[in-house]
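Summary of the model geometry
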Amino acid sequence: MELKKSPKANLENKKTLFTEIGLALSLAVVLCAFEYRTTEKAVSTLEEDTFVPIEEEIIPITQETPPPKPDMPKMPQLSDEIDIVNDDIQVEDIIINTEDIADMGVQVMDYVAEVAEEEIVEEAIPFAIVEEKPSFQGGDANTFNKWVQSRLVYPEIALENGIQGTVILQFDIDKNGNLVNVIVLRGVDKTIDDEAVRVVSSSPKWSPGKQRDMPVKVSYQFPVVFQLR
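Rules and cut-offs
- Residues numbered from 1 in each chain as written.
- Predicted model: local features only at pLDDT ≥ 70, side-chain atom pairs only at ≥ 80, totals over all residues.
- Heavy atoms only, no water.
- UniProt positions renumbered as here; feature names shortened; annotations may be inferred.
- Helix = DSSP H or I, 4+ residues; strand = E, 2+ residues; numbered from the N terminus.
- Contact = heavy atoms within 4.5 Å.
- Areas by Shrake-Rupley, 256 points an atom, 1.4 Å probe, with all protein chains shown as cover.
- Buried < 20%, exposed > 50% of the residue type's maximum accessible area, 1.4 Å probe, protein only.
- Lys, Arg positive; Asp, Glu negative; His and termini not counted.
- Salt bridge = Lys/Arg side-chain N within 4 Å of Asp/Glu carboxyl O.
- Arc of directions from axis to C-beta.

- The name an unreviewed UniProt entry gives the protein chain is Energy transducer TonB, with Candidatus Merdivivens pullistercoris as the organism.
- Of the protein chain, the UniProt comment under Subcellular location (unreviewed entry) reads exactly: "Cell inner membrane".

See below:
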């Protein structure tokens, strides 16, 4: 099949024209490049003659002078010479008047005799076991029990309410044979406890207990029986 082209659409006829336009443009660019010049900037330079050297300031080094050392005390010099001085000084007797002192606002305190402190004698701890036990009226604890039982008065309130039991008391027999420090260790009723303490506290003197043949305080625990019959 044969291709048919229009004479107006054929670019072969305009090839020479485009070549000439390109050469003209290239020549114009080259000419502009040769004609372009850069402006030179003036650089200010310092000549050697105008340079002024700067002198460095030298600061002197100051040193503080240390304070002078204090003088050492001089040792006293002893001399063998003895100077005898006449004692012609007269001393006047000074009498103090208490009335003048009172006028001056000074309070004169009365003399107060010192009171000696009382010595606190610690009570000896009672013994529980001793070589020789205390004795009551020539007997033993059973004798004292009979004495207590013969003097007990059964409280009416306890008797009406049917209260009975054993009151355990504790007391001490001191070195003089006195029965002291009666306390209730185990009670039954207040009325019964008070009656037991009353009778036991009214005990006459005992023969004190002894330890190494010396009278000592002895502690006792004593039962008082209240029984209805």
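Things to note about the overall build of the protein chain
- Of regular secondary structure, the protein chain possesses five helices and five strands.
- Counted from the first residue to the last, the protein chain has its helices and strands arranged as α-α-α-α-β-β-α-β-β-β.
- Within the protein chain, residue pairs in contact and separated by at least 24 positions form 75% of the contacts whose partners lie at least 6 positions apart.
- Within the structure as shown, the protein chain displays about 22,100 Å² of accessible surface, and the carbon and sulfur contribution to it stands at 55%.

Re the side chain of Asp 193
- Here Asp 193 shows up in helix α5 (residues 190-201).
- Here Asp 193 sits buried without a salt bridge, and the closest side chain of opposite charge, Lys 190, lies 8.3 Å off (N-O distance).
- Discounting residues that sit within four places of it in the chain, Asp 193 has contacts with Val 167, Val 184, Gly 187 and Val 188.

Side note on helix α3 (residues 141-149)
- All of the buried residues along α3 are Phe 144, Trp 147 and Val 148. Burial along α3 is one-sided: seen end-on, the buried residues are contained in an arc of 100 degrees. Those residues of α3 that are exposed and angled more than 90 degrees off the buried face are Asn 142 and Lys 146.

Observations regarding the side chain of Glu 195
- As for its placement among the helices and strands, Glu 195 is situated in helix α5.
- Using a relative accessible area of 11% as the deciding quantity, one classes Glu 195 as buried.
- In this structure Glu 195 touches Arg 151, Leu 152, Val 153, Pro 155 and Phe 226, once residues within four positions along its chain are discounted.

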